[in-house]
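One letter stands for each residue in the lines below.
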Amino acid sequence: MRKVALVAGGLSTWGIRPATWGELLQEAGQELFANARNLDAKDVDSLFVGAAQPERLAFQSHVAPMAAELLGVRPSRFVRRVELACASGQTAIQDAYVAIASGLSDVALAVGVEKMNLPSMAEATTSMANVLDRAWDGVHGGTAPPFFAMVAQRHMMEYGTTAEQMATVSVKNHRFANSNPKAQFYAKTFAKEKLLTGPMVSPPLRIGDCSSMTDGAGAVLLVGEELASKYTDTPAWVAATSQYTDFHNLANMASLTEWTGLRRAAQDLYARGRTDAAHIPLAEVHDCFTISEIVEYEDLGFCPKGAGGKFAAEGQSDLGGSVVVNPRGGLLGCGHPLGATGIGQAVEVLGQFQSTVPAARLVKGASQALTHNLSGSANVHTLTLYRRES
Amino acid sequence: MSAPSKPYLLDFYPLEDEKQTRIAPFFAHLRAGRLTTTKCEADSSVHWPPRVTCPLCHGNRLVWVDLPKEGKLYAFSALVLGLPMGMEGDAGAVVGMVELGNSGVRIFSRIRGRKYEDLRVGDPVEFETYDTGDGRVFYRFVSKL
Ligand SMILES: [Zn+2]
């Protein structure tokens, strides 16, 4: 297959934004066009738009041609929206990769956007209940917080994980977000003591354990290998990508605390990329909740099963540890605009390889990095491995 | 059976009658106080939720079987903040995964009768049905402590 390079990225500012869905996307597009050397809008032959619920949150469907119009591109090969809930953005990148690797596309934009802060918060939350099996799980009040709360309860019970260990993850990711002006929680400090006594959302998860409802957009440009040097001197090469799903209704989840789908997707990624967990210096993972990041350390193979809480508390996932996790600030620090999150992770990896991120979060010399998104009740896992050298 | 009283967009409950679904018997069984699901006669797999073809063998030799009405809490939490529209009045409600007897089936449900703070993993719960307020019927579990 043809090699594929991610050559440029752009982001809107993320947060509670006085801006519409389309305006957020235009902000991200403007930054991408400014960052991509020699990019002419006519070069772009394909557009993949990651957006989880524009029908419910922006009352707009058929969003891909709308996005093309806003970005000033006229795709001649592929144009479509990609929906995979919280993984919509990374899945858009995966589709762009497939299109270019196959030779059917040469220059593709993968963008992601979500406008989640509506006049009524309850209206947005109601739409989140559609992500699980609505008629059988959502109907009882099943949304992300109570689901991941049950994961935390069982992880604490089975492995002795503590609320304090979970808070360590939140403190780390919020600290990293303080070096990221695009993050929702930029320039806001979170003390561990405050996180441990904050309001309960779904026990044992407090507000500091949860990512936020966020407005934001992102865009990345992917091209075939022979075109990469036109747009940048330092691309992020897509070394491998993988995805796995094994259930949807909560009744059919084998274990709350061992995410078999992530184990399988990680094995596939490492095999295709001819590497292993011990050789990943940098990972952008899906910390929708603090407990998610802890389970992900384990099922990505960064530490043994059950040792994720200890791994965080010992600083193993921080700068100077065995793998730096979420230097961008993660979902906890940056916020989680569903469709844009995976794009934001990829922009971070490119910035790390190009050494354009601030020193406070730079992982010096990282030769490869992985990005991970779960979606729904951790029933789908989407992974990409990037390398500095092709 | 009656129709939903609010727009379907904001209505969480499944449409129950035979004009809307092929598993209408599930809801008829609820009315009779039974918790049932489908089982495949070909490979003995028990499904949740009930299906119209077997996802394992793709056959349609399915029969209705009763599930245990008594179970144990496998995991649980409560809806404290961020409740969906239509559930604003349910703050504090407990939800959990219930292991149904020795059936090997574990389902998600609302749990009534005790506060979050007064429950433990392993506590006994029992199936019950309730009227959704518009003539439809649904299920939940109640603490047996
Ligand atoms: Zn079968």
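The rules we used
- Residues numbered from 1 in each chain as written.
- Chains lettered and ligands numbered in written order.
- Predicted model: local features only at pLDDT ≥ 70, side-chain atom pairs only at ≥ 80, totals over all residues.
- Heavy atoms only, no water.
- Helix = DSSP H or I, 4+ residues; strand = E, 2+ residues; numbered from the N terminus.
- Rg over C-alpha atoms; globule rule 2.2 N^0.38 Å.
- Buried < 20%, exposed > 50% of the residue type's maximum accessible area, 1.4 Å probe, protein only.
- Contact = heavy atoms within 4.5 Å.
- Areas by Shrake-Rupley, 256 points an atom, 1.4 Å probe, with all protein chains shown as cover.
- Lys, Arg positive; Asp, Glu negative; His and termini not counted.
- Charge placed at Lys NZ, Arg CZ, Asp CG, Glu CD.
- Buried area = accessible area lost by both parts, 1.4 Å probe.
- Salt bridge = Lys/Arg side-chain N within 4 Å of Asp/Glu carboxyl O.
- Nonpolar A, V, L, I, M, F, W, Y, C, P; charged D, E, K, R; others polar.
- Domains from an automatic or database assignment.
- Core = buried A, V, L, I, M, F, W, Y, C linked by side-chain atoms within 4.5 Å.
- Pairing = 2+ DSSP bridges.
- Axes fitted to C-alpha atoms, helices over the stretch in contact; angles between N-to-C directions.
- Donors = N, O, S within 2.8 Å, 3.2 Å for Na, K, Ca; no water.
- Phe/Tyr/Trp six-rings, centres within 6.5 Å; stacked < 30°, edge-to-face > 60°.
- Lys NZ or Arg CZ within 6 Å of the ring centre and 35° of its normal.
- Expected span 1.5 Å × (residues − 1).

### Quick notes on the overall build of chain A
Counting secondary structure elements, chain A contains 14 helices and 12 strands. Here the C-alpha radius of gyration of chain A, 19 Å, is about what a compact globule of 390 residues would show, namely 21 Å. Overall, chain A is about 55 × 45 × 40 Å in size when its C-alpha atoms are taken along their principal axes. Evaluated residue by residue, chain A yields a buried proportion of 65% over its 390 residues. Considering only residue pairs separated by 6 or more positions, chain A has 78% of its internal contacts joining residues 24 or more positions apart. Approximately 13,100 Å² of chain A is accessible, and the part contributed by carbon and sulfur atoms is 53%. The positive charge centre, built from 32 side chains, and the negative charge centre, built from 37, are 3 Å apart in chain A.

### Focus: the interface of chain A and chain B
Counting from both sides, the interface comprises 39 residues of chain A and, opposite them, 39 residues of chain B. Interface of chain A and chain B: buried area, both sides summed, is about 3,200 Å²; carbon and sulfur atoms make up 63% of it. Counting across the interface, chain A meets chain B through 0 salt bridges. Listing elements by their share of the side of chain A that touches chain B, those giving two or more residues are helix 5 (121–128), helix 6 (144–159) and strand 5 (200–202) of chain A. With 7 residues, helix 6 of chain A is the single largest residue contributor to the side of chain A that touches chain B. In terms of residue class, the side of chain A that touches chain B is built from 19 nonpolar, 13 polar and 7 charged.

### Here we look at the domain arrangement of chain B
Residues and elements named next belong to chain B. For chain B, the domain assignment lists domain 1 (19–66) and domain 2 (68–145). A straight line from the C-alpha centre of domain 1 to that of domain 2 covers 22 Å. The interface of domain 1 with domain 2 comprises 10 residues on the first partner and 13 residues on the second. With both chains or domains summed, domain 1 and domain 2 bury close to 940 Å², and 74% of this area falls on carbon and sulfur atoms. Sorting the residues of domain 1 by area buried against domain 2 places L30, L35 and W48 first, and these three jointly supply 56% of that buried surface. When its residues are assigned to classes, the side of domain 1 that touches domain 2 shows 6 nonpolar, 1 polar and 3 charged.

### So, the nonpolar core
Of all hydrophobic cores here, the largest spans 87 residues; its most connected members are A:F148, A:I291, A:F302, A:L370, B:W48, B:Y139 and B:F141. Apart from the residues lying within four places of it in its own chain, the contact partners of B:W48 are A:W136, A:N249, A:A251, A:N252, B:F26, B:L35, B:T36, B:T37, B:L67, B:V105, B:I107 and B:Y139. With 36 residues, the next largest nonpolar core counts A:F48, A:A99, A:A101 and A:A366 among its residues.

### Things to note about the sheet that holds strand 7 (residues 216–224) of chain A
Residues and elements named next belong to chain A. Sheet architecture is open: 10 strands sit in the order 3-2-4-7-1-8-12-11-9-10, paired in mixed fashion. Looking at the sheet topology across the chains shown, the edges are occupied by strand 3 (78–82) and strand 10 (324–325). Here strand 9 (residues 282–284) pairs with strand 11 (residues 368–375) via 2 bridges, running parallel. Note that in strand 11 the partner of E284 across the bridge is T371. Where helix 14 (residues 338–353) meets the sheet, it contacts strand 1 (4–11), strand 2 (46–50), strand 4 (107–114), strand 7, strand 8 (236–245), strand 9, strand 11 and strand 12 (380–387), and its direction lies at approximately 170° from that of strand 11.

### Thoughts on the coordination of the zinc ion
All names here are of chain B. Every protein donor of the zinc ion is listed here as C40 (SG), D43 (OD), C54 (SG) and C57 (SG), and their distances to the metal cover 2.1 to 2.3 Å. Along the chain, the residues donating to the zinc ion are arranged with the sequence spacing C-x2-D-x10-C-x2-C. With D43 in the loop between strand 1 (36–40) and strand 2 (62–66) and C57 in the loop between strand 1 and strand 2, this residue pair connects regions lying 14 residues apart in the sequence. Look at D43 and you get partly exposed, because its relative accessible area is 27%. In this structure C57 comes out as partly exposed when scored by relative accessible area, which is 34%.

### Section: the packing of helix 4 (residues 88–101) of chain A against helix 14 of chain A
Residue and element names in this part refer to chain A. Where helix 4 meets helix 14, the closest approach of the two axes is 5 Å, and the angle between their N-to-C directions is 60°. When helix 4 is examined against helix 14, the residues S88, G89, Q90 and I93 are found in contact with a partner set consisting of G339, G342, I343, Q345 and A346. Split into classes, the residues belonging to the contact of helix 4 with helix 14 amount to 3 nonpolar, 6 polar and no charged.

### As for the packing of aromatic side chains
Going through the model one piece at a time under the given rule, you end up with 19 aromatic pairs over all chains. When the centroid spacing of 6.5 Å and the interplanar angle of 45° are considered together, the rings of A:W136 and B:F138 count as tilted. Of this pair, A:W136 sits in the loop between helix 5 and helix 6 while B:F138 sits in strand 7 (residues 137–143), which puts the two residues in different chains. A:W136 gets classed as buried once you look at its relative accessible area, which sits at 8%. Overall, the relative accessible area of 0% leaves B:F138 in the buried class. Taken together through their ring pairs, the aromatic side chains of A:W136, B:Y13, B:F26, B:F27, B:W48, B:Y130, B:F138 and B:Y139 make up a single cluster. One Lys or Arg, A:R154, reaches over the ring of B:Y74 and ends 3.8 Å from the middle of that ring. Above the plane of the ring of B:Y74 lies B:R106, whose end atom (NZ or CZ) is 3.8 Å from the centre.

### Considering helix 10 (residues 260–272) of chain A
The end-to-end C-alpha distance of helix 10 of chain A, which contains 13 residues, comes to 18 Å, matching closely the 18 Å that a straight helix rising 1.5 Å per residue would cover. A:R274 lies just past helix 10 of chain A and shows a positive phi near 50°.

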